[in-house]
Amino acid sequence: MSDPLLTQDAADLAEEARRLLVDLDRDVPSGASVTTDCRPPIDVFETTDAVEVVVDVPGVAPDRLRVAVRRDTVLVVGVKMAPVADIRSRFHLAERAYGHFARAVRLGGAFDANRARALASGGQLRVVLPRIEDRRGRVIEVPVECG
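What counts and how
Residues numbered from 1 in each chain as written. Predicted model: local features only at pLDDT ≥ 70, side-chain atom pairs only at ≥ 80, totals over all residues. Heavy atoms only, no water. Helix = DSSP H or I, 4+ residues; strand = E, 2+ residues; numbered from the N terminus. Buried < 20%, exposed > 50% of the residue type's maximum accessible area, 1.4 Å probe, protein only. Contact = heavy atoms within 4.5 Å. Areas by Shrake-Rupley, 256 points an atom, 1.4 Å probe, with all protein chains shown as cover. Polar contact = N/O pair within 3.5 Å; in protein donor to acceptor, adjacent residues only side chain to side chain. 1 Å grid on protein atoms, 1.4 Å probe; cavity = no way out; pocket = protein on both sides within 12 Å on 5 of 7 lines; lining within 4 Å. Points joined across faces, edges and corners; volume = space filled by probe spheres on them. Nonpolar A, V, L, I, M, F, W, Y, C, P; charged D, E, K, R; others polar. Pairing = 2+ DSSP bridges. Axes fitted to C-alpha atoms, helices over the stretch in contact; angles between N-to-C directions. Core = buried A, V, L, I, M, F, W, Y, C linked by side-chain atoms within 4.5 Å.

Peer 1: I'd like to hear about the overall build of the protein, residue by residue, with values.
Peer 2: Along the backbone of the protein there are one helix and seven strands. With 147 residues in all, the protein has 32% of them scored as buried. Counted over contacts in the protein with a minimum sequence separation of 6, partners at least 24 positions apart contribute 63%. Carbon together with sulfur atoms contributes 53% to the accessible area of the protein, which is approximately 10,500 Å² in total.

Given below as structure tokens:
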């Protein structure tokens, strides 16, 4: 039996990804004509001050990327356009992927999504989410008063 809250979270996240891709297709000329998908690799790591998500996006302009945070999940969507091929050329090897992508990364710990930053540079998208102190699970002593 599946948890209805998890199922709803997944549905909400999928809907948010669809919405961001529609926005992207509207904002990026010829983006809607791309019919393939790609899956850029992601690294997630922690520092003492933040949780960072790094996505390899070589050849993807910053205006072709969207980032959203929903609860404990970072959503990165974008479109990597294929280069225009010369009709006289033919491929001997084709390994690079092109098309739309949507990657969702669930993060642990407490972070401040309102202070998140996303920077696209050198073929990478780096999303930095500053940590906040997680008070859940911490023992807090409550004084007992005489009434």
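Peer 1: Got a sec to walk through the side chain of R66? Specific residues and values, please.
Peer 2: Mapped onto the elements, R66 comes out in strand β3 (residues 65-70). By relative accessible area, R66 is classed as buried at 18%. Engagement of the side chain of R66 in a polar contact is seen with the backbone oxygen of D63, the distance being 3.0 Å.

Peer 1: Got a sec to walk through empty space enclosed by the protein? Specific residues and values, please.
Peer 2: Taken as a whole and assessed by the stated rule, the structure comprises one cavity of 30 Å³ or more. Put simply, the largest cavity is a space of about 60 Å³. Contributing to the lining of the largest cavity are D9, L13, R70, R71, D72, T73 and R106. Split by residue class, the lining of the largest cavity holds one nonpolar, one polar and five charged.

Peer 1: Give me the lowdown on the sheet that holds β3, citing residues and values where you can.
Peer 2: Sheet strands associate in pairs through backbone hydrogen bonding, adopting either a parallel or an antiparallel arrangement. Read from one edge to the other, the open sheet built from three strands follows the order β3-β4-β5, with strand pairing classed as antiparallel. Only two strands of the sheet have a single partner each, and these edge strands are β3 and β5 (99-106). Taken pair by pair, the neighbouring strands of this sheet meet at an average axis angle of 15 degrees, ignoring direction.

Peer 1: An account of the nonpolar core is requested, with residue identities and associated values reported.
Peer 2: With 17 residues, the main nonpolar core has V53, V55, V57, V74, L107 and L125 as its most contacted residues. When contributions to this core are tallied by element, the ones reaching two or more residues are β2 (50-56), β4 (73-80), β5 and β7 (124-130). Every residue in contact with V55, bar those within four places of it in the chain, is listed here: P40, P41, I42, V76, G123, Q124 and L125. If you look at the next biggest cluster of nonpolar residues, it comprises seven residues, including A17, L21, L75 and V77.

Peer 1: Kindly report on the environment of D56, identifying the contributing residues and their values.
Peer 2: With respect to the secondary-structure elements, D56 resides in strand β2. A C-alpha to C-alpha distance of 5.7 Å links D56 and P40, two positions 16 residues apart in sequence. The residues contacting D56, other than those within four sequence positions of it, are P40, P41, G123 and Q124.

Peer 1: With reference to specific residues and values, describe the pairing of strand β6 (residues 117-121).
Peer 2: Across five bridges, the pairing between β6 and β7 is antiparallel. Among the inter-strand pairings, R117 is bridged to a residue of β7, identified as V128.

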